[in-house]
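Read off the chains here:
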Amino acid sequence: MLRIYNTLSRKIENFKPQNPPLVTMYACGPTVYEYAHIGHMRRYVGDDILVRILEYNGFKVKEAMNITDVGHLTSDSDTGEDKMEKGARKFGLSVWEIAKKFEKQFFNSLDALNIQRPDILMHATDYIKEQIVFIQILEQKGYTYKIDDGIYFDTSKFPNYTKLSGQKAEDLKAGARIEMVKGKKHLTDFALWKFSPNLPAGGKKRQMEWASPWGVGFPGWHIECSAMAIKGLDTETLDIHTGGIDHIAIHHANEIAQSEAATGKQFVRYWVHHNFLHVDGNKMSKSAENIHTVEDVLRKGFDPLALRYLYLQTHYRQEMNFTWYSMGAAQIAYKRLIEEVAKLKNPKGEIPEFEKKFLEAINDDLNLPKALGLVWELIKSDYPDSAKAESLYKIDQVLGLDLEKSREKKKVLKIILPSEIQKLIEERNQLRKQGRFTQADYLRNKIKKLGYLIKDTKKGMEIEKI
Ligand SMILES: [Zn+2]
């Protein structure tokens, strides 16, 4: 039985969909105004693993994802600029071109990482009508109010607004550094529809705006997910909704409030949230210049599936710290795995004991670090090679590490040395040319202490990870 942590109950629960084998799942997709980075990709690999585990357990997954191409403001408190308009200005393109450019980059990253595409892909700009209808229902039921800036959801009318985050109302107030939109009744109220600004003479018109019963403007960010999830999955109660932990307190709390207010039904049965990825122990940010993309990883010569392997080494609810050093180590581990699997021929026979343990690990709240450990145990074991091959190919349905292509992959995977090791090797080569062998040996030992063994052979220098 698959067990998974549900943010709503704050417990690990048995997973039981409403209409097995069908599982309806909605994933908050990207806002396509900037490059998707390895922090985003950690989340989507996590979602991919979840889908693959559901399928491995015999479920049929129907997954919908949105593409936010309008309405996501730079601040969560409904102030600031539309991110799409901001991105368009930054890159000197139209809003529509920006959306196309970064959606393409997003999907290239998904493909490189062997992430299966969602069954249903929905652009917010294609569902403006549905969002307006959704807001009208909320209006009829008395959940909305109008201010100069737009139509807002009155969170005081929705009981238990903070049930997902578990926050107390006092905490919300204490944590509020945000400037309130003028006229907003409560701190947690949020925009459903924003009006296009009245233009001063010579002011610039918004590139994206639509007519609505309330006036020309654009939808708020949160409403798209409720309207599109219910429409795309054709149900008012979803089995699973995923996102990052940064979505819990505001975005997903708002999705619950507006959906349950509109339908009178529970919106989502299992909420799954992925933890953050940090780089060198710090939050990724433009000012810290530590934002890396999948393209950066490829440019440095790494295999994208080594990055996938690296992600799998940390449990999805734990914070993960990325360094180029850990990326190098993951490349080496992945290379070794591929080399070991490439030796195994004629898949036949399976190993039920191993497959049972593997299933237990992945069904225990998606314990991939443990599952990877079992893979290595199996490789080192005395089971016949053909049975190992059969079992490994089978469980790769979940891992997605291209194990069946190991013989081709083996030829292209190489060790990427950390730059400090590379530098030491160059220094050592210089010393050897100058005949200063004692100093060269000293550097060789230093490199060894850093985890790399240098061997001088007739063919030249060879290096391996210890
Ligand atoms: Zn969303």
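Each value, and the rule that gives it
- Sequence order sets the numbering: in each chain, residues are counted from 1 along the sequence as written.
- Local features in a predicted model are, by the rule used here, given only for residues with pLDDT of at least 70; side-chain atom pairs are given and counted only at 80 or more, and totals for whole chains, interfaces and linings are based on all residues.
- The side-chain quantities take in all heavy atoms of the structure and omit both hydrogens and water.
- Each helix corresponds to a stretch of at least 4 residues labelled H or I by DSSP, and each strand to a stretch of at least 2 residues labelled E; elements are numbered beginning at the N terminus.
- When a residue's accessible area, from a 1.4 Å probe over protein chains only, is under 20% of the maximum for its type it is buried; when over 50% it is exposed; and in between it is partly exposed.
- Contacts were defined at the residue level, with two residues in contact if any of their heavy atoms lie within 4.5 Å.
- The protein chains shown are the only cover counted for residues, whose accessible areas, like all others here, come from Shrake-Rupley with a 1.4 Å probe.
- The sign given to each residue is positive for Lys and Arg and negative for Asp and Glu; His and the chain ends receive no count.
- Charge coordinates come from a single atom per side chain, which is NZ of Lys, CZ of Arg, CG of Asp or CD of Glu.
- We call a set of buried residues a nonpolar core when its members are Ala, Val, Leu, Ile, Met, Phe, Trp, Tyr or Cys and they connect through side-chain atoms within 4.5 Å of each other.
- In this entry, domain limits derive from an automatic or database-based domain assignment.
- Take a side-chain nitrogen of Lys or Arg and a carboxyl oxygen of Asp or Glu: if they are within 4 Å of each other, that pair is a salt bridge.
- Water is not among the atoms examined, so metal sites may look incomplete; donors are the N, O and S atoms within 2.8 Å of the metal, or within 3.2 Å for Na, K and Ca.
- Angle rules define the geometry names used: all angles between 85 and 135 degrees makes four donors tetrahedral, while opposite donors over 155 degrees apart and all other angles between 65 and 115 make four donors square planar and six octahedral, leaving every other case irregular.
- Here, strands pair whenever DSSP counts at least two bridges between them.
- Note on geometry: axes are lines fitted to C-alpha atoms, helical ones only across the stretch in contact, with angles between N-to-C directions running from 0 to 180 degrees.
- For this classification, under 35 degrees means roughly parallel, over 145 means roughly antiparallel, 65 to 115 means roughly perpendicular, and everything else is oblique.
- Two helices that cross are described as forming a left-handed crossing if the nearer one is turned anticlockwise from the farther one by less than a right angle, and a right-handed crossing if clockwise.
- Residues were grouped as follows: Ala, Val, Leu, Ile, Met, Phe, Trp, Tyr, Cys and Pro as nonpolar; Asp, Glu, Lys and Arg as charged; and all remaining residues, including Gly, as polar.
- Classification of ring pairs rests on two measures: the distance between centres of Phe, Tyr or Trp rings, Trp counted by its six-membered ring, which must be within 6.5 Å, and the angle between planes, read as stacked under 30 degrees, edge-to-face over 60 and tilted in between.

Student: Which residues make up the overall build of the protein chain, and what values go with them?
Tutor: Counting its secondary structure elements, the protein chain contains 16 helices and 15 strands. In terms of its C-alpha atoms, the protein chain occupies a principal-axis envelope of roughly 80 × 55 × 40 Å. Every one of the 466 residues in the protein chain was classed for burial, and the buried ones make up 54%. A separation threshold of at least 6 residues defines the contact pool for the protein chain, and within that pool the share at least 24 residues apart is 76%. If you sum the accessible surface of the protein chain, you get close to 22000 Å²; carbon and sulfur atoms cover 50% of it. Within the protein chain, the 63 negative side-chain charges are centred at a point lying 5 Å from the centre of the 71 positive side-chain charges.

Student: Pulling in residues and values, what's your account of the nonpolar core?
Tutor: Met41, Leu54 and Leu307 are the most contacted members of the largest nonpolar core, which has 130 residues in total. Here the element with the most residues in this core is helix α1 (residues 38–56); it accounts for 10 residues. Mapping this core onto the domain boundaries places at least three of its residues in each of domain 1 (16–274) and domain 2 (287–412). Setting aside its immediate chain neighbours within four residues, Met41 contacts Ala36, Phe106, Ser109, Leu110, Leu113, Ile115, Val294 and Tyr311. Grouped together as the second largest cluster of nonpolar side chains are 11 residues, Leu417, Ile425, Leu431 and Tyr452 included.

Student: Could you give an account of the pattern of salt bridges, naming the residues involved and the relevant values?
Tutor: The full count for this structure, using the stated rule, is 26 salt bridges. The shortest N-O distance in the salt bridge between Asp47 and Arg43 comes to 3.2 Å. Remark: Arg43 and Asp47 occur in helix α1; sequence separation between them is four residues, near one turn of the helix. We note a salt bridge from Glu340 to Lys343, for which the minimum N-O separation is 3.3 Å. Linking Glu340 with Lys343, this pair stays in helix α10 (residues 324–343), spanning three residues, or about one helical turn. For Glu340, a relative accessible area of 25% translates into the label partly exposed. Residue classification places Lys343 among the exposed positions, given a relative accessible area of 52%. Taken together, the shared-partner salt bridges connect Glu34, Lys90 and Lys286 into one network.

Student: Account for the coordination of the zinc ion, naming residues and giving values.
Tutor: As a benchmark, a tetrahedral metal site with four donors has ideal angles of 109.5 degrees, while an octahedral site with six donors has ideal angles of 90 or 180 degrees. Around the zinc ion, the donor atoms from the protein are Cys28 (SG), Cys225 (SG), His251 (NE2) and Glu255 (OE), and they sit 2.0 to 2.7 Å away. Note that the zinc ion binds four donor atoms; their angles at the metal cover 75 to 130 degrees, and the shape is irregular. Along the chain, the residues that donate to the zinc ion are spaced as C-x196-C-x25-H-x3-E. Of the two residues, Cys225 is situated in helix α6 (residues 221–233) and His251 in helix α7 (residues 248–263); the sequence distance between them amounts to 26 residues.

Student: Would you mind going over the pairing of strand β3 (residues 22–27) in detail, with residue names and values included?
Tutor: Of all six residues in β3, five are buried, a share of seventy percent or more. In terms of strand pairing, β3 meets strand β10 (residues 238–244) through three bridges, oriented parallel. Directly across from Met25, in β10, lies its bridge partner Ile240.

Student: Help me get a handle on the packing of α6 against α7, residues and values and all.
Tutor: Between α6 and α7, the least distance of the axes is 9 Å, while the angle of their chain directions is 55 degrees. Judged by the angle between their axes, α6 and α7 are oblique. At the point where α6 passes α7, the crossing takes the right-handed sense. Taken together, the residues of α7 that come into contact with α6 (itself represented by Trp221, His222, Ile223, Cys225, Ser226 and Ile230) are Ile250, His251, Asn254, Glu255, Gln258, Ser259 and Thr263. Among the residues forming the contact of α6 with α7, the class breakdown is five nonpolar, seven polar and one charged.

Student: Give a detailed account of the packing of aromatic side chains, specifying residues and quantitative values.
Tutor: Taken as a whole, this structure holds 17 aromatic pairs when the rule is applied. Pairing Phe15 with Phe59 gives two aromatic rings, centres 5.5 Å apart and planes at 90 degrees, and the pair type is edge-to-face. Taken together, the residues span a long stretch of sequence, with Phe15 in the loop between β2 (11–14) and β3 and Phe59 in the loop between α1 and β4 (60–67) at a distance of 44 residues. For the pair Tyr35 and Phe91, a centre-to-centre distance of 6.2 Å together with 80 degrees between the ring planes defines the contact as edge-to-face. Linking Tyr35 in the loop between β3 and α1 with Phe91 in helix α2 (residues 83–91), this pair joins segments that are 56 residues apart in sequence. Since its relative accessible area comes to 26%, Phe91 is described here as partly exposed. Feature note: the residues Phe15, Phe59 and Tyr270 constitute an aromatic cluster, connected by ring pairs.

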